[in-house]
Amino acid sequence: MMDTDLLLTIGILLVVLTIPSLLSAWTEGRAPRVGSILLIAGGGLIVAALTHKPGGYTFADIPTAMMSVIGRYVN
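Given the structure is predicted, the values throughout are model-derived calculations rather than measurements.

1. Remarks on the pattern of salt bridges
Considering all chains together, one arrives at two salt bridges under this definition. The partner of Asp3 in a salt bridge is Arg72, with the nearest N and O atoms 2.5 Å apart. Residue Asp3 is located in the segment before α1 (4-28), and its partner Arg72 is located in helix α3 (residues 61-74); the two are separated by 69 residues in the primary sequence. Judged by its relative accessible area of 40%, Arg72 falls in the partly exposed class. One salt bridge connects Glu28 with Arg30, and the closest N-O pair in it is separated by 2.7 Å.

Have a look at this one:
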């Protein structure tokens, strides 16, 4: 059984980490290799979570799913 909440949370975190990497590469005139890899991996995890959860996620479900994952691993 796949934990779709965990996939969604990791995917969102990877996409958020992509932003500074892409901006850094853009301002320094470099190719955004690491940022591109993070974006593809994060996007893939988000798509996997959305397609494997029966009924999918709504925008209102996302904070609840993320907090349940964080709470599960912090406690």
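2. Some details on helix α2 (residues 33-52)
For α2, built from 20 residues, the straight-helix expectation of 28 Å at 1.5 Å per residue is met to within 8% by its first-to-last C-alpha distance of 29 Å. Among the residues of α2, Gly35, Gly42 and Ala49 are the ones counted as buried. Considered in projection along α2, the buried side chains sweep an arc of 65° and stay on one side of the axis. Structural note: α2 exposes Arg33, Ile37, Ile40 and Thr51 on the side pointing more than 90 degrees away from its buried face. Among the structural elements, α1 are those in contact with the buried residues of α2.

What counts and how
Residues numbered from 1 in each chain as written. Predicted model: local features only at pLDDT ≥ 70, side-chain atom pairs only at ≥ 80, totals over all residues. Heavy atoms only, no water. Salt bridge = Lys/Arg side-chain N within 4 Å of Asp/Glu carboxyl O. Helix = DSSP H or I, 4+ residues; strand = E, 2+ residues; numbered from the N terminus. Buried < 20%, exposed > 50% of the residue type's maximum accessible area, 1.4 Å probe, protein only. Expected span 1.5 Å × (residues − 1). Arc of directions from axis to C-beta. Contact = heavy atoms within 4.5 Å.

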